[in-house]
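Residues per chain are reported as follows:
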Amino acid sequence: RMDRSDSTLIPAFDGITAICAGKLHSLAICGSDGHVYSFGSNCDSQIAQMNWERCAVPRIISALTQVKVQKICTGPLSSHCFVIAMNHKVLAWGRN
């Protein structure tokens, strides 16, 4: 189920170092592996998965597995995302 009014444990996460929420999606950096995870709506490709389906379970963004990410950011009222890599490059996707 996508919409919840009660808190729920997200089992895929261990050692989260950063999390942010957009209008209908969320991103997180997992400290144990350094990967960026996404979940929620994907209507504008804002969770960077290879289909347009919503995702209730956090999934690794495969395009970022070789990127050392230091910060993540989502548009609070829109469908876009940014990451700042350790080399200070900015990557963006979604409804830019």
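Residues numbered from 1 in each chain as written. Predicted model: local features only at pLDDT ≥ 70, side-chain atom pairs only at ≥ 80, totals over all residues. Heavy atoms only, no water.

1. Things to note about the state of the cysteines
(1) Moving on: Taken as a whole, this structure holds zero disulfides when the rule is applied.
(2) Moving on: As a non-bridged cysteine, Cys81 has Cys20 as the owner of its nearest cysteine sulfur, 6.8 Å distant. (Disulfide = S-S within 2.5 Å.)

2. Some details on the pairing of strand β5 (residues 69–74)
(1) Moving on: Direction of pairing for β5 relative to strand β6 (residues 80–85): antiparallel, over a ladder of five bridges. Bridging across to β6, Val69 finds its partner in Ala85.
(2) Moving on: Hairpin geometry of β5 and β6 is characterised by an intervening segment of five residues between the two adjacent antiparallel strands. (Pairing = 2+ DSSP bridges. Helix = DSSP H or I, 4+ residues; strand = E, 2+ residues; numbered from the N terminus.)

3. Notes on the sheet that holds strand β2 (residues 25–30)
The pairing of strands in a sheet happens through backbone hydrogen bonds and is either parallel or antiparallel.
(1) Moving on: Spatially, the four strands line up as an open sheet ordered β1-β2-β3-β4, and their pairing is antiparallel. Both outer strands of the open sheet, β1 (16–21) and β4 (55–60), are each paired with one neighbouring strand and no more. Neighbour-to-neighbour, the strand axes of the sheet open up by a mean angle of 15°, direction not taken into account. (Axes fitted to C-alpha atoms, helices over the stretch in contact; angles between N-to-C directions.)

4. Description of the side chain of Ser26
(1) Moving on: Note that Ser26 resides in strand β2.
(2) Moving on: What makes Ser26 buried here is its relative accessible area of 15%.
(3) Moving on: In contact with Ser26, not counting residues within four places along its chain, are Cys20, Ala21, Tyr37, Ser38 and Phe39. (Buried < 20%, exposed > 50% of the residue type's maximum accessible area, 1.4 Å probe, protein only. Contact = heavy atoms within 4.5 Å.)

5. As for the environment of Gln70
(1) Moving on: Tracing the backbone through its elements, the reader meets Gln70 in strand β5.
(2) Moving on: On a C-alpha basis, the gap between Gln70 and His88 in space is 8.7 Å, while along the polypeptide they are 18 residues apart.
(3) Moving on: The contacts of Gln70, once residues within four sequence positions are left out, are Ile29, Ile84, Ala85, Met86 and His88.

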